[in-house]
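# A closer look at the structure
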Amino acid sequence: MEKIKIVIADDHDVVREGTRSLLERESDMQVVGEATNGEEAIKLIEDLKPDVVILDVSMPRLSGIEVTRRIKSRFPAIGILILSAYDNDEYVFSSLEAGAAGYLLKDVHSREIVEAVRSVYSGESVLYPSIASKVIQRAIGGFVRPTENKLESDLTDREVEVLRLASKGASNQDIADTLFISVRTVQGHINNIFRKLNAGSRTEAIFQGVKRGLISFNDVADSG
């Protein structure tokens, strides 16, 4: 079995070591590196090219938000999961806009962290659909602004339709049922969307869709 390669970055030894111990109990996961600050995290990620990175939002030298922004600009396929003690709106939305696939608080149940890593690895948001839709609505309303001129996009009409449904928090199965297509076809559309928008997660693709004028607030306003 090919294992999910993970890098953990947190300046608190207990949190970092505890997270590593938790994940390495899983047969499909391998922690390949640990970092204690943002600069060290970037170097490790560049060298090891993991599948998933777990970042603390507040670290010495570079914040988790800045690490996310730099890594996603160079390695868009790497999934970023923020694990933080803070539920501050600015941290949450800035992290997601920078390209993080999800944001969890450190007091979540251990199984949620394990499942979140698998979700990020598969390109899914770690948020449940009903929560994801509320986060996306608020982010669109307050933090993400479309550009004045609509950016060019080579998404097909069907891909835009899939992206809009995803922005409402719909799962792959929900999208398949709505469009009368198979789940496998939906996954193919989502993979194309990720590639064309240079996105590594649904959340990032939705933010890019808003910026490019493909998704409006009205698209998700009735999803909460």
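This write-up is about the structure you can find in this document.

## Re the packing of helix 7 (residues 157-167) against helix 9 (residues 183-197)
Where helix 7 meets helix 9, the closest approach of the two axes is 10 Å, and the angle between their N-to-C directions is 95 degrees. Judged on the interaxial angle alone, helix 9 and helix 7 are roughly perpendicular. Of helix 9, the residues touching helix 7 (which contributes R158, E159, V162 and L163) are H189, I190, N192, I193, K196 and L197. Across the contact of helix 7 with helix 9, the residue classes break down as five nonpolar, two polar and three charged.

## Examining the sheet that holds strand 1 (residues 4-9)
Reading across the sheet, the five strands line up as 2-1-3-4-5 and stay open at both edges, with parallel pairing between neighbours. Each edge of the open sheet is held by one strand with a lone partner, namely strand 2 (29-35) and strand 5 (102-105). Each neighbouring strand pair of the sheet contributes to a mean axis angle of 25 degrees, computed without reference to strand direction. Looking at chain direction, strand 4 (residues 79-84) and strand 5 are connected through four bridges and run parallel. Within strand 5, the residue paired with I82 across the bridge is Y103. Against the sheet, helix 1 (residues 13-23) makes contact with strand 1, strand 2, strand 3 (52-55) and strand 4, and its axis sits at roughly 165 degrees relative to strand 2, the strand it touches most.

## What about empty space enclosed by the protein?
Taken as a whole, this structure holds two cavities of 30 Å³ or more when the rule is applied. For the largest cavity, the calculated volume is near 50 Å³. Mapped onto the lining of the largest cavity, the elements with two or more residues apiece are helix 7, helix 9 and helix 10 (202-211). A breakdown of the residues in the lining of the largest cavity according to their chemical character gives eight nonpolar, no polar and one charged. Taken as a whole, the second largest cavity holds about 40 Å³ of empty space. Forming the boundary of the second largest cavity are I8, A9, D10, V15, R16, T19, I54, L55, D56 and L83. Looking at which element gives the most residues to the lining of the second largest cavity, the answer is helix 1, with three residues.

## Observations concerning helix 10
For helix 10, the buried fraction is high: eight of the 10 residues fall into the buried class. Those residues of helix 10 that fall on the buried side of the exposure criterion are R202, T203, E204, A205, I206, F207, G209 and V210. Trailing helix 10 by a residue or two, G213 shows a phi angle of about 80 degrees, which is positive.

What counts and how
Residues numbered from 1 in each chain as written. Predicted model: local features only at pLDDT ≥ 70, side-chain atom pairs only at ≥ 80, totals over all residues. Heavy atoms only, no water. Axes fitted to C-alpha atoms, helices over the stretch in contact; angles between N-to-C directions. Helix = DSSP H or I, 4+ residues; strand = E, 2+ residues; numbered from the N terminus. Parallel < 35°, antiparallel > 145°, perpendicular 65-115°, else oblique. Contact = heavy atoms within 4.5 Å. Nonpolar A, V, L, I, M, F, W, Y, C, P; charged D, E, K, R; others polar. Pairing = 2+ DSSP bridges. 1 Å grid on protein atoms, 1.4 Å probe; cavity = no way out; pocket = protein on both sides within 12 Å on 5 of 7 lines; lining within 4 Å. Points joined across faces, edges and corners; volume = space filled by probe spheres on them. Buried < 20%, exposed > 50% of the residue type's maximum accessible area, 1.4 Å probe, protein only.

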